Amino acid sequence: MGFSGDLRRGAVVVAITLAVMGLVASVTGANSVDIGGVSAVMWCAAISLGIQWLAWIPASLKRTERFYDLVGGLTYIAVIIFSLWAGSQSEPPGHRELIVSILVVIWSIRLSSFLFLRIHRTGKDGRFDNLKTSPVRFIIPWSLQGLWVFITLSVVVVINSQSGPSPDLSIWDGIGLTVWIIGFGIEVLADSQKATFNAKPENQGRWIDEGLWARSRHPNYLGEILLWTGIACFGIPCFEGLEMVAWISPLFVYLLLTKISGVPILDERCLERWGDNPDYQRYRSETPALIPHLRARKR
C-alpha cells in the first residue's frame with residue numbers, strides 16, 4: 001500500500017474514532033458537570049485521544065512502540081483524576097466514585113507496567129512491525145488506544161462526573177466489586193503463569209497448556225472481560241436515561257477481544273507456528289477459547 005493508501009486508511013480510522021467517541025460522549029454526558037461550557041465526559045474523550053496523539057509524535061519519529069502500553073496506562077489515570085476533579089465541582093466524591101476509580105488505577109498500573117516490561121524484555125511487539133514504519137499508519141493504533149481508553153472508562157467517567165449527588169451504595173456495588181476481584185485475579189494469575197512458563201528454557205518454542213491455560217486458551221482475556229463487567233455493575237444504581245449507553249464498556253471489551261484484535265490475531269499466530277503439530281491441534285480442539293472447563297485437560 002502506497003502513501004496515498006496509507007493516508008486514506010489512517011484518515012478513515014481517525015474519522016471513525018472521532019465519530020464514535022463524540023457520539024458516546026454526547027449521549028452519556030447529559031447529566032455531567034460542565035467545564036467551560038463543555039461536558040466533563042466530552043473533556044475526558046478529548047484527553048483520552050489527545051494524549052495518544054501527543055505520544056504518537058515522538059513514537060513516529062523514533063519508530064518505536066516501547067512506551068505504547070505505558071502511555072495507555074497513564075491515560076487511564078489522567079482521565080480518572082480529571083473526572084474526579086470535574087465531579088467535585090458539584091459534589092465531593094462519594095464512596096462509589098472513589099471505589100471504582102481506585103479499582104481502575106490498580107488495574108491500569110498492573111497491566112501497563114506488565115506489558116511495558118514485557119516489550120522491553122523482548123525488544124518489540126510484533127503487532128506494530130508493519131505500522132511503525134509509516135507515521136500515517138502508526139497513528140492508527142494510537143487512535144484506537146484513545147478509543148479503547150475512553151469507551152472502557154465510560155462507566156467510571158459518567159459516575160465520577162455526574163452533576164448531582166450519587167445514590168447510596170447498594171447490592172449492585174457489592175456484586176460489581178466481587179466480579180471485578182474475580183476477573184482481576186484471573187488476569188493476574190494467567191499472566192503470571194504464562195511469564196513463568198516462557199522463562200523456562202525447555203519451554204522455548206512451545207505453547208502454554210498449564211494452569212489456567214489448560215482450561216482456557218485465553219484466560220487473561222476472560223479476566224479482562226469480567227473485571228470491566230464488574231465495573232459496569234457500579235453504574236446500575238445511578239445511571240438514568242442515555243447514561244445507560246455507558247454500559248457499552250464491557251460489550252466493547254468483549255467484542256474487541258473475541259472478534260477483532262485479541263483472540264483472532266493470537267489464534268492466527270498460533271496456527272502459523274503450530275498448525276501442523278498434532279499435539280497443538282488436540283489442545284486447540286479440546287480447550288475452549290474463553291470460558292474454561294472446570295476440569296483441566298490431560299497433557
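Residues numbered from 1 in each chain as written. Predicted model: local features only at pLDDT ≥ 70, side-chain atom pairs only at ≥ 80, totals over all residues. Heavy atoms only, no water.

1. As for unusual backbone geometry
Inclusion rule: A run of DSSP states H or I qualifies as a helix once it reaches four residues; a run of E qualifies as a strand once it reaches two. Both are numbered from the N-terminal end. A 1.4 Å probe rolled over the protein chains alone gives each residue an accessible area, and that area as a share of the maximum for its type sets the label: buried under 20%, exposed over 50%, partly exposed in between.
Phi is positive for R63, close to 50°, though the residue is something other than glycine. Within the fold, R63 resides in the loop between α2 (40-62) and α3 (68-88). The exposed category is assigned to R63, whose relative accessible area is 52%.

2. Here we look at the packing of aromatic side chains
We apply this condition: Stacked, edge-to-face and tilted are the three classes for Phe, Tyr and Trp ring pairs, Trp counted by its six-membered ring, which pair at centre distances within 6.5 Å; planes under 30 degrees apart are stacked, over 60 edge-to-face, the rest tilted. In our convention, an over-ring charge means Lys NZ or Arg CZ found within 6 Å of a ring centre and within 35 degrees of that ring's normal.
Counting across every chain of the model gives 14 aromatic pairs. Here the aromatic rings of Y76 and W107 are separated by 4.9 Å at their centres, their planes lie at 80°, and the arrangement is edge-to-face. With Y76 in helix α3 and W107 in helix α4 (residues 95-122), the pair connects residues that are 31 residues apart, well separated along the chain. Comparing Y76 with W107 shows no difference in burial state: the two are buried. Through a chain of ring-to-ring contacts, the aromatic side chains of F67, Y68, F138 and W142 assemble into a single cluster. Positioned over the ring face of W207 is R206, at 5.2 Å from the centre of the ring.

3. Digging into α2
Defined as follows: What a helix should span is 1.5 Å times the count of its residues minus one. Bend is the name given here to the angle between axes fitted to two runs of seven residues, the run ending at a residue and the run starting at it.
Helix length check: α2, at 23 residues, gives a terminal C-alpha distance of 34 Å against a target of 33 Å (1.5 Å per residue), a fit within 8%. Of all the bends in α2, the greatest reaches close to 25° and is centred on W56; the proline P58 follows between one and four positions later. All of the buried residues along α2 are A40, V41, C44, A45, S48, L49, Q52, A55, A59 and S60.

4. Some remarks on helix α8 (residues 248-260)
The condition is simple: Whether two residues are in contact is decided by their heavy atoms, any of which lying within 4.5 Å being enough.
If you check which residues of α8 are buried, you get S249, P250, F252, V253, L256, L257 and T258. Where α8 is buried, its residues touch α5 (135-161), α7 (219-233) and α9 (263-274).

5. Observations regarding the packing of α5 against α7
The description of two packed helices rests on the angle between their axes and on the distance between the axes. Formally: The axes are straight lines fitted to the C-alpha atoms, using for helices just the contacting stretch, and the angles between their N-to-C directions are given from 0 to 180°. Geometric relationships in this document are graded by angle, where less than 35 degrees denotes roughly parallel, more than 145 denotes roughly antiparallel, 65 to 115 denotes roughly perpendicular, and other angles denote oblique.
Where α5 contacts α7, the two axes come as close as 7 Å, and the packing angle between them is 40°. The angle between the axes of α5 and α7 places the two elements in the oblique class. From α5, W148, T152, L153, V155 and V156 reach across to α7, where they touch E224, W228, I231 and A232.

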